[in-house]
Amino acid sequence: MEEINLLGKIIIRGKIKAETGLAIGSGGGKMEIGGVDNPVIKDAFGKPYIPGSSLKGKMRSLLEKASGKKPNVSLGKARIHICENKEEYQKCIVCKIFGLPGEKDFSEPTRLIVRDAFLIEDSITDEMRKNMDFKYTEVKSENVIDRITSAANPRQMERVPAGAEFDFEMIYNVFSEEDKNNLKDVFKGMELLEHDYLGSSGSRGYGKVRFEGIKVYWCSKEDYEKGKIEEKKEINAELQTPNKIVEKFEEIRKNIS
Amino acid sequence: MKYKVCEIETITPFHIGNKEGSLEETLHYVPSDTLFSAFCNVYRILYGEDELKKLIEEFTTKPPFLLSSAFPAVNGTLFFPTPKNSKLVSDDEILNKKLKKIEFVSEEIFKELIKEGKIEVKKEWVTVDGKGIAKEKIEKLWVEKEVARVTIDRKTNASQLYYQGEVIFNGLHFLIDLKDENYWKEIETTIRVMEHEGIGGERTYGKGLFKIKKVRDIEFNENKSEWFLTLSMYCPKKEELKGIKGYFEYITRGGWVYSPEEKGLRKKFLRMFVEGSVFNKKIVGGMVKVAEGRHDVFRYGYAFPIGVKNEI
């Protein structure tokens with residue numbers, strides 16, 4: 001693509017539901033009496049949330065694997081995929097949607113913006129609170145047992161309880177016709193995420209999430225000029241889960257004009 | 001003088017990089033040069049490269065509008081930088097110490113300060129976080145946080161931990177001095193797209209997004225004296241510096257160029273006067289070329305002058 005011109009933006013909104021306990025760590029374990037060893041990340045008001053970077057990073061990594069991209073760049077201990085040349089990039093949907101380091105001379109503006117997903121407070125009911133240790137989170141004890149002596153080595157994990165819901169929003173920039181088709185891969189990433197996990201300890205059952213009530217809006221350049229963004233109608237009709245959207249993507253695609 | 005003020009509600013935390021290569025650090029307001037670059041980047045994807053070149057060309061000769069920096073706003077109370085020549089006084093010694101750390105004052109107090117040059121501060125005016133003063137009860141102007149982030153190896157799932165600083169505002173606001181009315185439509189459209197594009201760093205991870213609350217007119221009881229305060233970062237032209245006196249602080253700005261056409265280019269370091277600096281003549285400033293490549297890169301260095309009282 002030679003010219004980068006904005007045709008419009010696609011706004012994707014909806015809910016993320018934690019179907020099992022969700023533990024996105026904050027790294028900053030404070031040594032307090034009565035504190036938990038592995039705290040979850042919380043916003044400025046002390047409510048747990050899903051960082052945009054966790055959501056975006058996970059979707060990227062799953063799509064990289066799904067499309068067979070080679071991890072070729074090392075960031076410290078971690079190897080990830082980043083296109084090395086222009087030819088590769090032109091064919092790489094992952095790097096187009098999720099971005100490249102700015103210094104690559106063939107990189108273009110990143111298509112996808114993923115916002116932090118904030119907790120819907122009402123989703124944690126009083127009934128759930130009865131069994132929880134903190135206002136928004138539960139504490140799960142885990143244990144390792146020595147295979148020979150049976151000595152226990154317990155630890156504690158803070159998690160957002162199953163049933164908690166978060167508001168999510170993603171913004172997808174459309175610079176070309178090709179971008180309109182590539183939008184499907186964003187939903188594919190969400191679909192893959194539903195069958196993977198978010199946060200830590202996923203192979204032990206944590207972090208199963210589901211996307212619900214998805215609303216997709218198309219805001220063209222003209223809409224921005226007229227200031228008619230607020231009254232936009234969603235373009236996905238009753239297709240409200242990633243699965244349905246991927247299956248019948250053509251119905252949405254034709255509404256992006 | 002009348003200006004337009006654009007009040008915005010911030011939706012997500014912001015990351016306004018200060019030092020390059022240090023993701024942990026963030027500023028707690030949006031400097032005018034950052035705001036202007038954000039504006040230009042969106043203007044460019046909206047109207048194309050040639051139109052942006054034309055706009056920049058106009059700015060190098062006669063700017064069609066001026067931008068201030070974006071300062072914190074809390075529940076509708078706008079904050080402005082404390083004029084560097086102003087005196088915040090009180091009889092209380094403990095309070096006097098606190099007053100040295102005041103970075104922002106509310107609109108009401110700001111107006112009084114530019115008119116009178118000094119103000120008697122009451123104890124209860126100081127915000128809980130000690131960063132500002134307002135006659136309303138205000139807890140915090142902003143909250144700074146360091147958030148852990150991680151890169152996960154695609155094969156082994158090994159994690160690589162790093163930290164990112166972010167700042168959470170209640171709201172922000174910036175002023176526009178519209179000199180050429182014809183530009184208003186483009187400005188409005190660009191700011192609307194900026195809502196969904198974001199300001200500052202780490203934007204694709206959801207940082208820096210906002211919503212316009214309202215755009216209204218604002219007027220200050222400006223002094224007719226020859227002393228001016230700037231509400232933007234200001235880089236004077238050489239000839240302006242002759243015989244200039246003032247109350248000021250400066251900051252070194254650097255960073256990398258962000259442009260679809262130009263990659264991996266570093267901006268020249270530039271020393272600029274910070275917002276709230278006061279000078280004894282009409283200050284103008286200008287665009288400063290900070291990088292040359294496939295296209296020239298400029299840093300916005302126009303002052304946003306407000307007439308203030310000189311003697312204190």
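The rules behind the values
- Numbers given to residues run from 1 along each chain, matching the order in which its sequence is written.
- Here every chain gets a letter starting at A, and every ligand a number starting at 1, in the order they are written.
- Since the coordinates come from a predicted model, pLDDT governs what is reported: local features require at least 70, and pairs of side-chain atoms require 80 or more to be given and counted, while whole-chain, interface and lining totals use all residues.
- Side-chain metrics rest on all non-hydrogen atoms present in the structure, leaving aside hydrogens and water.
- In DSSP terms, a helix is any run of H or I states spanning at least four residues, a strand is any run of E spanning at least two, and both are numbered starting from the N terminus.
- Burial classes follow relative accessibility: with a 1.4 Å probe on protein chains only, a residue under 20% of its type's maximum area counts as buried, one over 50% as exposed, and anything between as partly exposed.
- To be clear on the numbers: accessible area is Shrake-Rupley with a 1.4 Å probe, and residue cover counts the displayed protein chains and nothing else.
- In this tally, Lys and Arg are treated as positive and Asp and Glu as negative; His is ignored, and so are the chain termini.
- By convention, the charge on Lys lies at NZ, on Arg at CZ, on Asp at CG and on Glu at CD.
- Disulfide assignment relies on a single distance test, namely cysteine sulfur atoms paired within 2.5 Å.
- Only Phe, Tyr and Trp rings are paired, with Trp represented by its six-membered ring, and only when their centres lie within 6.5 Å; those with planes under 30 degrees apart are stacked, over 60 edge-to-face, the remainder tilted.
- Any two residues whose heavy atoms approach within 4.5 Å are treated as being in contact.
- Buried area is a sum: the accessible area each of two parts loses on coming together, probed at 1.4 Å, counted once for each and added.
- For the purposes of these results, a polar contact is taken to be a pair of N or O atoms within 3.5 Å, where, inside protein, one atom must be able to donate a hydrogen and its partner to accept one; residues adjacent in sequence count only when each atom of the pair is a side-chain atom.

Asks: Can you help me understand the overall build of chain B in this one?
Replies: Across its full length, chain B carries five helices and 20 strands. By its C-alpha atoms, chain B is 65 × 45 × 35 Å across when sized along the principal axes. In chain B, which comprises 312 residues, the proportion classed as buried is 56%. Of the roughly 14,000 Å² that chain B leaves accessible, carbon and sulfur atoms contribute 49%. On chain B, the mean spot of the 52 positive side-chain charges and the mean spot of the 49 negative ones are 2 Å from each other.

Asks: Got a minute to help me understand the state of the cysteines in this structure?
Replies: Disulfides are covalent bonds that link the sulfur atoms of two cysteine residues. All names here are of chain A. Counting across every chain of the model gives zero disulfides over all chains. Not part of a disulfide, Cys92 finds its nearest cysteine sulfur in Cys83, a span of 3.5 Å. What makes Cys92 buried here is its relative accessible area of 0%. With no disulfide partner, Cys95 has as its closest neighbouring cysteine sulfur the one in Cys83, 3.5 Å distant.

Asks: Looking at this model, I keep getting lost on the packing of aromatic side chains. Mind explaining?
Replies: The geometry of an aromatic ring pair comes down to the distance between the two centres and the angle between the two planes. All names here are of chain B. The tally for this structure, following the rule as stated, stands at 29 aromatic pairs over all chains. Ring centres of Phe39 and Tyr43 lie 6.0 Å apart, and the angle between their planes is 20°; on these two criteria the pair is classed as stacked. Linking Phe39 with Tyr43, this pair stays in helix H1 (residues 32-47), spanning four residues, or about one helical turn. Per residue, the accessibility class of Phe39 equals that of Tyr43, and both read buried.

Asks: Any chance you could explain the interface of chain A and chain B here in plain terms?
Replies: By a widespread convention, an interface's size corresponds to the accessible area lost as its parts come together. Taken residue by residue, the interface counts 52 residues in chain A and 44 residues in chain B. When chain A packs against chain B, close to 3,800 Å² is buried across both sides, 55% of that on carbon and sulfur atoms. One can count 16 residue pairs in polar contact (both at pLDDT 80 or more) joining chain A with chain B. Of all the secondary structure elements, the ones that give two or more residues to the side of chain A that touches chain B are strand E1 (8-18), helix H1 (52-66), strand E4 (78-80), strand E5 (112-114), strand E9 (165-174) and helix H6 (221-226) of chain A.

Treat this as a map of the structure, not an account of what it does.
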